[in-house]
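# Descriptive structure summary
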Amino acid sequence: MTLDYDDKGKIFTEVVPKIAIPAVVQTTQHLIRGNVHVRRDERLKDELDRDELFLAMTDASVLGTDGQALHEARFMAVRRAQIVWVMPAQGAEEAGEV
C-alpha cells in the first residue's frame, strides 16, 4: 500500500475496490440480512477470515424470529466473535431460509 501526502500533510491512501455481496449473517442473538463487501478476486470466506474485530455490512436489516425487520441501517459493524454462520443471500432464498 502506498501513502501520498499533500502540502498540508494530509495522507491519501490507496482505495481498495470491493464488490457488495448480499448475505445472511446469523449471530448469537440475531439474524441479519445485508451486503458484505469483498475485495475483487476474493471470496466471501476470505473476507470472514480477515484479522479484524468487526465485519462491515451495508443496507442491513436485523430480523426478529417472525422474519420482520426489528432494525434497519445503511451501515452496521458486526462483531466477528458473535457470528455463528454466514451464507450468500441467494443460497438462503433457494433454501427457503429468508
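Here's a quick rundown of the structure. All values derive from a computational prediction rather than experimental measurement.

### Some remarks on the overall build of the protein chain
Looking only at helices and strands, one finds two helices and seven strands in the protein chain. Scanning the protein chain from its N terminus toward the C terminus, one meets helices and strands in the order β-β-β-β-α-β-β-β-α. Within the protein chain, buried positions represent 27% of all 98 residues.

### Section: the environment of R40
The residue R40 is located in the loop between β4 (31–39) and α1 (44–48) in this model. The spacing of R40 and A20 is 20 residues in sequence and 9.9 Å in space, taken between C-alpha atoms. Contact partners of R40, with chain neighbours within four places excluded, come to P17 and I19.

### Structural notes on the sheet that holds strand β6 (residues 69–79)
Reading across from one edge, β6-β5-β4-β3-β7 is the order of the five strands in this open sheet, with antiparallel pairing throughout. Each edge of the open sheet is held by one strand with a lone partner, namely β6 and β7 (83–88). Averaged over neighbouring strand pairs, the angle between their axes works out to 30° when direction is ignored. Bridge analysis of strand β3 (residues 18–27) against β7 gives five bridges, and the strand direction is antiparallel. Its bridge partner lying in β7, A23 is registered against P88.

### Observations regarding the side chain of N35
By secondary structure assignment, the location of N35 is in strand β4. Once residues lying within four places of it in the same chain are set aside, the contact partners of N35 are A20, I21, P22, A56, M57, T58 and D59.

### A look at the nonpolar core
I32, V36, M57, M76 and V78 are the most contacted members of the largest nonpolar core, which totals 13 residues. For this core, the secondary structure elements donating two or more residues are β3, β4, β5 (54–63) and β6. The element best represented in this core is β5, accounting for four residues. Setting aside chain neighbours within four positions, we find M57 in contact with A23, V25, I32, R33, G34, N35, V36, R74, F75, M76 and V78.

### Here's the deal with the pattern of salt bridges
The full count for this structure, using the stated rule, is seven salt bridges. Taking the shortest distance from any N to any O, the salt bridge between E47 and R80 comes out at 3.9 Å. In this pair, E47 sits in helix α1 while R80 sits in the loop between β6 and β7, placing the two residues 33 residues apart along the sequence. Since its relative accessible area comes to 4%, E47 is described here as buried. Three or more residues joined by partner-sharing salt bridges are found here, namely R39, E42, E47, R50, E52 and R80.

Conventions used here
- Residues numbered from 1 in each chain as written.
- Predicted model: local features only at pLDDT ≥ 70, side-chain atom pairs only at ≥ 80, totals over all residues.
- Heavy atoms only, no water.
- Helix = DSSP H or I, 4+ residues; strand = E, 2+ residues; numbered from the N terminus.
- Buried < 20%, exposed > 50% of the residue type's maximum accessible area, 1.4 Å probe, protein only.
- Contact = heavy atoms within 4.5 Å.
- Pairing = 2+ DSSP bridges.
- Axes fitted to C-alpha atoms, helices over the stretch in contact; angles between N-to-C directions.
- Core = buried A, V, L, I, M, F, W, Y, C linked by side-chain atoms within 4.5 Å.
- Salt bridge = Lys/Arg side-chain N within 4 Å of Asp/Glu carboxyl O.

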